[in-house]
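Here is what each chain is made of, one letter per residue.
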Amino acid sequence: SSRTMSLLSQLEKINLDSVLGEADNARYVTSKILHLVQSQEKTRKEMTSKGSTGIEVILSTLEVKPLCGYGYIASFNFIIGLCGGRRASVLVTKGGTQILLQLLLTASKDSPPNEELMVLLHTLLAKIGPKDKKIGMKARINGALNISLNLVKQNLQNHKLILPCLQVLRVYSTNSVNAVSLGKNGVVELMFKIIGPFSKKNTSLMKVALDTLAALLKSKTNARRAVDRGYVQVLLTIYVDWHSHDSRHRYMLIRKGVLQCIKNVTNIKLGRKAFIDANGMKILYNTSQECLAVRTLDPLVNTSSLIMRKCFPKNRLPLPTIKSAFHFQLPVIPASGPVAQLYNLPPDVDDVVDESDDNDDAETESEIETENDDDKDQHFKNDDIETDINKLKPRQELGRSIEELKMYEQFFPELSENFQECDLVSKEPKPFVPDANLGGPIVVPTAGEE
């Protein structure tokens, strides 16, 4: 067997030994494996090939013999080197998520926690998180949900540490129950401390923070919290700042991230009202007009159009105000009643009451946990579009009554009479008259025969 397989066999034997001093041997063997994996491509392929037990051995080592110091970090470096794509799925199926969350909980009890170890743990969790649909629930059950949040709160200036922590929070926030729980602990306010005006420094951190905020704002509870603190105006200001400074359109993803946050916060009635009050319609309309000439900015225009359509006030027909380009005048307007009240409204009054989310105050208690939110956008449903085919078909009505149309029946008998097959041959037998060309006798009927 190869050198790598030999080292894995040694590590497996160490796992079965209960001697305390074997921890040093485990660190030594793990460091040797790490060196081979980092230096030889052949070893990496051998460790990740089908049927190989390398990942299982390393995970079992972390589970039964918690390492410390360099051996701890070396083991995670080894797994991170193998992680990605199909290999990340292998880690999930072997129970790697549960082991990593437990180790994260154990490592967080150190005061202060090992920064390098925390970076490695969160980096690995961020990689395997999208492959594990239950990671949000597992983190909440293990009590590891707030560890990443507390690290971000305590290390706002340490961008090397908070970047992987934000990536993990983004994965956690796809779960609605986690999003509400994190929102109660101040994660929404924390995100607005990280995102800010245009700056070419730490753009990757800005992008991850915006994606995390967008995932959090899918919860209506967090969206209301953001509206109450005036963050809709802040988002619009940030978007205008990035739009005006990004003349070469190199940071389109960041601008789209800001729009995604605005889109999610305007899913509730309070968010739409705050958007209108902050002059958001004019801001997005003007910025969209400037983006039309650049084809690569179509995602920004599309998202802006969706937000504007969603937030534009709805009106009933007929429209007696200048809110519409068309004016439908009723032939007779009653002196009193709802129609008369509608026509007597001032031009700036919205006559349609938005009751879309009046009964969502108890969302925190009644929110159902959804574990399969694979990054799926909540597409805005346009209630203005009729989808019932029967209602879309025009109803044909006759210009005259049926009685008046009966006078024309004599001209079109085929439309009213019931034609039946008629027997045109007489029932009485007739004498047979063969053809003369056949050469047979010709029988002529007598005068008295029919």
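Residues numbered from 1 in each chain as written. Predicted model: local features only at pLDDT ≥ 70, side-chain atom pairs only at ≥ 80, totals over all residues. Heavy atoms only, no water.

Undergrad: In this structure, what is going on with the nonpolar core? I would like to understand it.
TA: Across soluble globular proteins, nonpolar side chains have a tendency to be buried as a group. L125, L166, Y172, I195 and L213 are the most contacted members of the largest nonpolar core, which has 98 residues in total. The contact partners of L125, leaving out residues within four places of it in the chain, are L100, L101, L104, I135, V168 and Y172. (Core = buried A, V, L, I, M, F, W, Y, C linked by side-chain atoms within 4.5 Å. Buried < 20%, exposed > 50% of the residue type's maximum accessible area, 1.4 Å probe, protein only. Contact = heavy atoms within 4.5 Å.)

Undergrad: Explain the confidence of the model for the protein chain to me, please; I cannot follow it from the model alone.
TA: Parts of the prediction with low pLDDT should not have their coordinates interpreted in detail. Overall, the prediction assigns the protein chain a mean pLDDT of 77, with 68% of residues at 70 or greater. The low-confidence segment residues 360-384, where pLDDT is below 50, has 44 contacts with residues more than four positions distant or belonging to other chains. (pLDDT = per-residue confidence, 0-100.)

Undergrad: Quick question: what am I supposed to make of unusual backbone geometry here?
TA: S111 connects to P112 through a cis peptide bond whose omega is -10°. Note that P112 resides in the loop between α7 (96-107) and α8 (115-128). Although it is not a glycine, N202 sits at a positive phi angle of roughly 55°. Of note, N202 is situated in the loop between α13 (187-194) and α14 (203-216). The residue H249 is not glycine, and still its phi comes out positive at about 60°. (Helix = DSSP H or I, 4+ residues; strand = E, 2+ residues; numbered from the N terminus.)

Undergrad: Sorry if this is basic, but what is going on with the packing of α8 against helix α11 (residues 159-172) here?
TA: Helix-helix packing: each pair is described by the crossing angle between the helix axes and the interaxial distance. Across the interface, α8 lies against α11 with an axial gap of 8 Å and an inter-helix angle of 35°. Taken as a pair, α8 and α11 cross one another with a handedness that is left-handed. Between α8 and α11, the contacting residues are E115, M118, V119, H122, T123, L125 and A126 on the first element and K160, L161, P164, C165, Q167, V168 and Y172 on the second. Grouping the constituent residues of the contact of α8 with α11 by class yields 9 nonpolar, 3 polar and 2 charged. (Axes fitted to C-alpha atoms, helices over the stretch in contact; angles between N-to-C directions. Left-handed = near helix turned anticlockwise from the far one by under 90°. Nonpolar A, V, L, I, M, F, W, Y, C, P; charged D, E, K, R; others polar.)

Undergrad: Looking at this model, I keep getting lost on the layout of surface pockets. Mind explaining?
TA: Picture a little ball the size of a water molecule; that probe, rolled over the atoms, points out where space is still empty. Empty space within the second largest pocket amounts to approximately 250 Å³. What lines the second largest pocket is a set of 16 residues, among which H159, I194, I195, N202 and L205 lie closest to the centre. Every element with two or more residues in the lining of the second largest pocket is listed here: α11, α13 and α14. At 3 residues, the largest contribution of residues to the lining of the second largest pocket is made by α14. Tallied by class, the residues present in the lining of the second largest pocket amount to 8 nonpolar, 6 polar and 2 charged. (1 Å grid on protein atoms, 1.4 Å probe; cavity = no way out; pocket = protein on both sides within 12 Å on 5 of 7 lines; lining within 4 Å. Points joined across faces, edges and corners; volume = space filled by probe spheres on them.)

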